[in-house]
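Structural overview
Below are the chains, spelled out letter by letter.
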Amino acid sequence: MRLSHAACLGLVACVACLEEQRYEAVGATVTLAADATPTFVVDDEDEVYRVDRALALHVSPPSAATLAKLAAEAQGRAPPYPRLPWVRRGDLDLQVDYALENQGSEPAVAVVTLNGVNEFHAYAPGPEDLHQWERRIALAPGARVSGTITELELDEVAVDLATVVNGAPNSNLVVGPESQSSLDPRVAPYLPTVVPGLVGMRVGIETSRAAALSLEVSIRVQDHGDRAAKRGDASWMLPEAAPFTPIVPERE
Amino acid sequence: MAGRLALALAAALALALPAHARADEGDAADGLVPGGPGEEPIDPTRLDVARLPLEPARARGLTRDLYDRGLFVEAQLGALTYVGDAREVSHPGPRLAIAVGYELTRWLALLVEAEASMHQTHNRPPPRRTSYELVGGAGGVRLSVPIDARFALWGEGLFGVVWSSADVLRALGLPDAARAGLSYGGELGFDYHLPSRHHAIGLLGGARMLPSLAREGGYTLAAYGACTLHYVF
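First things first, this report covers the structure right here in the doc. (Residues numbered from 1 in each chain as written. Chains lettered and ligands numbered in written order. Predicted model: local features only at pLDDT ≥ 70, side-chain atom pairs only at ≥ 80, totals over all residues.)

So, the overall build of chain A
Where we set the bar: Helical segments are the DSSP runs of H or I of at least four residues, strand segments are the runs of E of at least two, and each set is numbered from the N terminus. Counts of 20 or more other C-beta atoms within 10 Å of a residue's own C-beta define buried residues, counts of 12 or fewer define exposed ones, and intermediate counts define partly exposed ones; C-beta atoms are placed from the backbone. What counts as a contact here is a pair of residues whose C-beta atoms, placed from the backbone, lie within 7 Å.
The number of helices and strands found in chain A is four helices and eleven strands. Viewed in the frame of its principal axes, chain A has a C-alpha envelope of about 75 × 45 × 35 Å. When the 252 residues of chain A are sorted by exposure, 35% land in the buried category. Excluding contacts between residues fewer than 6 apart, the proportion of contacts in chain A whose partners are at least 24 apart in sequence is 80%.

Digging into the overall build of chain B
In terms of regular secondary structure, chain B is built from three helices and eight strands. Reading chain B from its N end, one meets helices and strands in the order α-α-β-β-β-β-β-α-β-β-β. In chain B, buried positions account for 28% of the 233 residues. A separation threshold of at least 6 residues defines the contact pool for chain B, and within that pool the share at least 24 residues apart is 58%.

Description of the sheet that holds strand S7 (residues 199–209) of chain B
Residues and elements named next belong to chain B. This is how the line gets drawn: For two strands to be treated as a pair, DSSP must find no fewer than two bridges joining them. Between N-to-C directions, angles span 0 to 180 degrees; the directions come from axes that are lines fitted to C-alpha atoms, helices contributing only their stretch in contact.
Ordered by their spatial adjacency, eight strands build a closed barrel running S1-S2-S3-S4-S5-S6-S7-S8, and the pairing between neighbours is antiparallel. The sheet shows a mean angle of 25° between the axes of neighbouring strands, taken without regard to direction. As judged from the 13 bridges shared by strand S4 (residues 131–146) and strand S5 (residues 151–164), these two strands associate in the antiparallel manner. Opposite Ala138, over in S5, you have Gly160 as the bridge partner.

Comments concerning the nonpolar core
Formally: Under the definition applied here, buried Ala, Val, Leu, Ile, Met, Phe, Trp, Tyr and Cys residues are grouped into a nonpolar core through C-beta atoms within 7 Å.
Counting 81 residues, the largest nonpolar core has Val96 and Leu215 of chain A together with Leu169 of chain B as its most contacted members. Setting aside its immediate chain neighbours within four residues, Val96 of chain A contacts Leu114, Ile149, Leu154, Val203, Val217 and Ile219 of chain A.

Details of helix H3 (residues 151–165) of chain A
Residue and element names in this part refer to chain A. Rules: What a helix is expected to span follows from its residue count: subtract one and scale by 1.5 Å.
Here H3 is 15 residues long and its end C-alpha atoms lie 21 Å apart, about the 21 Å a rise of 1.5 Å per residue gives. Within H3, eleven of the 15 residues are buried, which leaves it mostly tucked inside the rest of the structure. Among the residues of H3, Leu154, Glu156, Val157, Ala158, Val159, Asp160, Leu161, Ala162, Thr163, Val164 and Val165 are the ones counted as buried. Phi turns positive one or two residues past the end of H3, at Gly167, with a value near 105°.

What about the sheet that holds strand S10 (residues 213–223) of chain A?
Residue and element names in this part refer to chain A. Pairing is antiparallel in the open sheet, where four strands are placed in the order S1-S10-S4-S8. Taken across any chain shown, the strands that pair with only one partner, and hence form the sheet edges, are strand S1 (21–32) and strand S8 (144–149). Direction aside, the axes of adjacent strands within the sheet are offset by 15° on average. Contacting strand S4 (92–102) and S8, H3 runs over the sheet at an angle of about 105° to S4.

Quick word on the interface of chain A and chain B
Under the convention used in this document: Think of it as three bins: nonpolar holds Ala, Val, Leu, Ile, Met, Phe, Trp, Tyr, Cys and Pro, charged holds Asp, Glu, Lys and Arg, and polar takes everything else, Gly as well.
The partner chain B presents ten residues to the 15 residues of chain A that form the contact. Of all elements in the fold, only S1, S4, S8 and S10 of chain A reach the threshold of two or more residues within the side of chain A that touches chain B. Counted by class, the side of chain A that touches chain B contains seven nonpolar, four polar and four charged residues.

Some words on unusual backbone geometry
Along the chain, Pro125 of chain B connects to Pro126 of chain B via a cis peptide bond; the corresponding omega equals -5°. With respect to the helices and strands, the residue Pro126 of chain B is situated in the loop between strand S3 (108–120) and S4. Here the bond from Pro126 of chain B into Pro127 of chain B is cis, since omega is -5°, no more than 30 degrees from zero. Among the secondary structure elements, Pro127 of chain B is positioned in the loop between S3 and S4. With phi around 55°, Ala25 of chain A is a residue other than glycine that occupies positive phi space. Mapped onto the secondary structure, Ala25 of chain A falls in strand S1. Unusually for a residue other than glycine, Asp226 of chain A sits at a positive phi of about 55°. Within the secondary structure layout, Asp226 of chain A lies in the loop between S10 and strand S11 (242–244).

Dropping the structure here:
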């Protein structure tokens, strides 16, 4: 009897170890050319060079009946979406690994940026707004710096996106790097009861001077909610998410 | 009356003493002293084998026939490394295997085994360096050649399947690594029987081709070594 129990525990441990995880967007690259033209000019003199690209996760498509049920369940809850999300917070744990390389002969300072995309909205900051996740990196000529955006940080990105869409009056306060909106009492009233999970993201580079930079990324996905499409199966073709421009109070 | 009794005793002593003296002479000739230590002839009907004289193992005729034969289980603990494509993105790692088999004869056995090894990737991020498991199962035939009563050399051929749980290897350019793939190869090793009917220990080295862990047109060979503990039921 004890032997059979031990065997069962061992089997469970093995299955737990072998939980589904996959890598997506492997080798996806964003490049900024040394002779690029500025994307924005702020205050008539400050140049902002920004390049990014959208990365969509392979999500399994819900059935029409499921979507109808999600729409029906949204009645009376008044979420900031037409229906409840198919992918909710915690269904997919995401981790983004990146490497930023200075391919030029001059030192450069660049910001790696990431903004979340859920089933309904995509965060689209202006030139003076904060990105949902950003990290400033100084690079010597030819240098390559790698890093990881952790599952916790990307969970915060999902929560922040749902919160700002739900009417938080200061988006920068919500998405600021020091802000933990799920813990901040000033933000709590705007936290929706159902938080959509990320189904994609925009990653990119931002600088104040043109430089030859290359950003390479990959996304690790751990599927806890059976939402990731099986390899080889068709993924959910979502309509393009509505861009959400941050709401920032006017400075006095 | 008393004089006649004394005379009779004296006559009896005179007759008995020569006979006793003759008996002592006979015992001394055999080298035995009554009541003293001496060599006792072996009685084959007695179970008291501890009284048998000690003999060296060779003289007793130690043979492999004294060991149990039949169903066995074998644990293997060692390390596995790659040669070829997977070596470019993986470090060597620890390997554990459990084999169950049946010895049809002293020199021929059939077995199946389950094995697992863990490895760290080494690559230029992204993706960040991580670890993954390689698990598999195989069946094979083992041929043993006894060197003496305790040592035996053996070789075996194995054919099975192998699978990597995480698809990080796919992300590193080995597209079929996350699918079940074939593995085939062989092992060489030796056994040393402990002073027991059931137990043996040993060392082995093996090599296995893993086509599913290779790039197109490339190859990956898993090379491994292990200590073994062998138990025959």
